[in-house]
Amino acid sequence: MPRDAEERRLEPFEWNSQESVRYEVAIEVIGEGVAHYSALLDAAEAAGDEPEAERLRAEMAACAEERRRLRATDHEGVTEVLRKYRELLRAPGDRDA
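Residues numbered from 1 in each chain as written. Predicted model: local features only at pLDDT ≥ 70, side-chain atom pairs only at ≥ 80, totals over all residues. Heavy atoms only, no water.

### Considering the environment of Ala39
- Residue placement: Ala39 occurs in helix H2 (residues 17-46).
- Relative accessible area serves as the criterion here: at 38%, Ala39 is assigned to the partly exposed category.
- C-alpha of Ala39 to C-alpha of Leu56: the two residues are 17 residues apart in sequence and 9.6 Å apart in space. (Helix = DSSP H or I, 4+ residues; strand = E, 2+ residues; numbered from the N terminus. Buried < 20%, exposed > 50% of the residue type's maximum accessible area, 1.4 Å probe, protein only.)

This is the structure:
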């Protein structure tokens, strides 16, 4: 019998080391997305661009929510995160802000 609520919520699943690494990379890349938006937010605030700053705060919150919802068993979700954030972090112009 499970010892605590956390154990009761875990469902058995099979995965290999490659899937494990992909999940960990997805979590890490979401963190890089937060850092990306944070740098842009600093620049927007310094420029006094409150609408852009608010948009960037919303993007950061969306990243945090995506990280919270991502599950190691969601292989399609992990793949989507890797694709989405790869595009975000390669977006021209944004990294220089």
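### Section: the packing of H2 against helix H3 (residues 50-69)
- Two elements in contact, H2 and H3, have axes separated by 9 Å at closest approach and are oriented at 165°. Classified by the interaxial angle, the pair formed by H2 and H3 is roughly antiparallel. For H2 against H3, the interelement crossing comes out left-handed. Listed contacts from H3 to Ile27, Ile30, Gly31, Gly33, Val34, Tyr37, Ser38, Leu40, Leu41, Ala44 and Glu45 of H2 are Glu52, Ala53, Leu56, Arg57, Glu59, Met60, Cys63, Glu66 and Arg67.
- Among the residues forming the contact of H2 with H3, the class breakdown is eleven nonpolar, three polar and six charged. (Axes fitted to C-alpha atoms, helices over the stretch in contact; angles between N-to-C directions. Parallel < 35°, antiparallel > 145°, perpendicular 65-115°, else oblique. Left-handed = near helix turned anticlockwise from the far one by under 90°. Contact = heavy atoms within 4.5 Å. Nonpolar A, V, L, I, M, F, W, Y, C, P; charged D, E, K, R; others polar.)

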